[in-house]
Amino acid sequence: MKHLVYGLTSILASSAAATAVLHYAAALGQSARTDVVTVPAVSLAGTQTSVELILGPGIPVLAEEAADDVLEPSDQDFVDDLTARAQAVRTGTRH
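Worth saying up front: this structure is predicted, and the values here are computed from it rather than measured. (Residues numbered from 1 in each chain as written. Predicted model: local features only at pLDDT ≥ 70, side-chain atom pairs only at ≥ 80, totals over all residues. Heavy atoms only, no water.)

J.: Any chance you could break down the environment of E64 for me, citing the residues and the numbers?
T.: Residue placement: E64 occurs in strand β5 (residues 61–65). Sequence separation of E64 and A41 is 23 residues, and the distance between their C-alpha atoms is 14 Å. If we ignore the near neighbours within four places in the chain, the residues touching E64 are K2, H3 and V5. (Helix = DSSP H or I, 4+ residues; strand = E, 2+ residues; numbered from the N terminus. Contact = heavy atoms within 4.5 Å.)

J.: Any chance you could break down the pairing of strand β2 (residues 9–13) for me, citing the residues and the numbers?
T.: Two faces make up the sheet, and in a regular strand the side chains alternate between them. Pairing between strand β1 (residues 2–6) and β2: 5 bridges, direction antiparallel. Note that in β2 the partner of K2 across the bridge is A13. If you look at the hairpin formed by β1 and β2, you'll find 2 residues sitting between the two strands, and G7 has a positive phi there, around 65°. (Pairing = 2+ DSSP bridges.)

J.: Before we move on, can you summarise the packing of helix α1 (residues 15–30) against helix α2 (residues 76–91) with the specific residues and values?
T.: Interhelical geometry of α1 versus α2 gives an angle of 15° and a closest axis separation of 9 Å. Here α2 runs roughly parallel to α1, going by the angle between their axes. The interaxial crossing formed by α1 with α2 has left-handed handedness. Listed contacts from α2 to A16, A17, A20, V21, H23, Y24, A27 and L28 of α1 are F78, V79, L82, R85, A86, V89 and R90. The class makeup of the residues in the contact of α1 with α2 is 12 nonpolar, 1 polar and 2 charged. (Axes fitted to C-alpha atoms, helices over the stretch in contact; angles between N-to-C directions. Parallel < 35°, antiparallel > 145°, perpendicular 65-115°, else oblique. Left-handed = near helix turned anticlockwise from the far one by under 90°. Nonpolar A, V, L, I, M, F, W, Y, C, P; charged D, E, K, R; others polar.)

J.: I'd like to hear about the nonpolar core, residue by residue, with values.
T.: Within the largest apolar cluster, 23 residues are counted, with the highest numbers of intra-cluster contacts made by L4, Y24, V39 and L55. Breaking this core down by element, the ones donating at least two residues are β1, β2, α1, β3 (35–42), β4 (48–55) and α2. With 8 residues, the top contributor of residues to this core is α1. Dropping the residues within four chain positions of it, Y24 is found in contact with D35, V37, L55, L82, R85, A86 and V89. (Core = buried A, V, L, I, M, F, W, Y, C linked by side-chain atoms within 4.5 Å. Buried < 20%, exposed > 50% of the residue type's maximum accessible area, 1.4 Å probe, protein only.)

J.: Residue-level account of α1, with values.
T.: In this model α1 runs 23 Å from its N-terminal to its C-terminal C-alpha over 16 residues, within 8% of the 22 Å that 1.5 Å per residue would give. Taken together, the buried positions of α1 are A17, A18, A20, V21, Y24, A25, A27 and L28. Directly after α1, the chain includes A32, whose backbone phi takes a positive value near 55°. (Expected span 1.5 Å × (residues − 1).)

J.: Account for the side chain of K2, naming residues and giving values.
T.: By the element assignment, K2 lies in strand β1. In this structure K2 touches I11, L12, A13, S14, S15, A18, T19, A63, E64, E65 and A66, once residues within four positions along its chain are discounted.

Written out as structure tokens, the structure reads:
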């Protein structure tokens, strides 16, 4: 699990999802684009939720390690989608 730090808040997400967000944010920043993504997350109560983030140039986001969680969700569909979006941004194609 990782904390995605965005503005003045922290979002708890799977390690794979947090890494995908960072890679997509980097691709958007390099191409001077923005996008809104809905990140699967875990609430303070420990339940599944989602958080919408705007990503783009000049919008800082970072990921820091959280305590290991054996119940870490599998967000493979989200990760695959952001990976495809990042690739499309890098190659200048539409996703």
